[in-house]
Amino acid sequence: MNEMDFTYANVAIIICIVILVFNYFVKKLNLYQLLLITLLPTWIIISVVQEFEKSYLDNTYSFLSMRGIAELLAYTLPMIILVGGITFYIKYRKYKKSNSFK
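Quantities reported herein were computed from a predicted structural model and do not represent experimental measurements.

Novice: Whenever I open this one, the overall build of the chain confuses me. Can you help?
Specialist: Scanning the chain for helices and strands turns up 3 helices and 0 strands. Starting at the N terminus and walking to the C terminus, you meet the elements of the chain as α-α-α. Each of the 102 residues in the chain was classed as buried or not, and the buried ones make up 27%. Considering only contacts within the chain whose residues lie at least 6 apart along the sequence, 73% involve residues at least 24 apart. Here the chain displays about 7100 Å² of accessible surface, and carbon together with sulfur accounts for 70% of that area.

Following this line, the structure appears as structure tokens:
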């Protein structure tokens, strides 16, 4: 497996988690709470997945330090904002559009 396979897997994991969490909490929370409760756990989960990928490919265990955790969170934040944000926006638009006709 190469690094690109893991990238596609990470994107798929982000999309799945955002959709599942969104569908579960959409009727219980307002927009800002929903955005926070959707993207924050996704960010943490994808950081852990990235660390497993990093330790699998490079045999490094840098996540055991505070600096390693901070680097992982900083490394995955743009992917979460881009992929998770677009997925959230599409789901929220579909939800609002379906609710406006009822």
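After presenting the structure, the write-up continues.
Novice: Is there a simple way to explain helix α3 (residues 66–100) in this structure?
Specialist: Given 3.6 residues per helical turn, the α-helix brings residues three or four places apart onto the same face. At Thr 76, α3 shows its strongest bend, of approximately 35°, with the proline Pro 78 following within four residues. All of the buried residues along α3 are Gly 68, Leu 72, Thr 76, Met 79, Ile 80, Val 83, Gly 84, Thr 87, Phe 88 and Tyr 95.

Novice: When you look at a nonpolar patch on the surface in this model, what are you seeing that I'm missing?
Specialist: A grouping of Leu 36, Leu 40, Ile 44, Val 48 and Phe 52 is seen on the molecular surface, where their side chains present a nonpolar patch of about 490 Å² in accessible area. For Val 48, the position within the fold is in helix α2 (residues 31–58).

Novice: Honestly, the pattern of salt bridges in this entry has me stumped. Any pointers?
Specialist: Between side chains of opposite charge, pairing is possible as soon as their charged atoms come close. All told, the structure shown has 1 salt bridge when counted by the stated rule. Residues Glu 71 and Arg 67 are paired through a salt bridge, measuring 3.1 Å at the closest nitrogen-oxygen approach. Of the two residues, Glu 71 and Arg 67 are both situated in helix α3; the distance of 4 residues between them amounts to about one turn of the helix. Here Glu 71 falls in the partly exposed class, since its relative accessible area comes to 39%. The class for Arg 67 is exposed, based on a relative accessible area of 63%.

Novice: Even after reading the chapter, I still don't get the environment of Thr 87, so can you show me in this structure?
Specialist: By the element assignment, Thr 87 lies in helix α3. With a relative accessible area of 11%, Thr 87 lands in the buried category. Taking the C-alpha atoms as reference points, Thr 87 and Ile 14, separated by 73 residues in sequence, lie 8.7 Å from one another. Apart from residues lying up to four places away in sequence, Thr 87 is in contact with Ile 15, Val 18 and Ile 19. At 2.8 Å, the side chain of Thr 87 and the backbone oxygen of Val 83 are in polar contact.

The rules behind the values
- Residues numbered from 1 in each chain as written.
- Predicted model: local features only at pLDDT ≥ 70, side-chain atom pairs only at ≥ 80, totals over all residues.
- Heavy atoms only, no water.
- Helix = DSSP H or I, 4+ residues; strand = E, 2+ residues; numbered from the N terminus.
- Buried < 20%, exposed > 50% of the residue type's maximum accessible area, 1.4 Å probe, protein only.
- Contact = heavy atoms within 4.5 Å.
- Areas by Shrake-Rupley, 256 points an atom, 1.4 Å probe, with all protein chains shown as cover.
- Bend = angle between axes of the 7 residues up to and from the residue.
- Patch = residues over 30% accessible without salt bridge, like charges linked within 9 Å, V, L, I, M, F, W, Y side chains within 5 Å.
- Salt bridge = Lys/Arg side-chain N within 4 Å of Asp/Glu carboxyl O.
- Polar contact = N/O pair within 3.5 Å; in protein donor to acceptor, adjacent residues only side chain to side chain.

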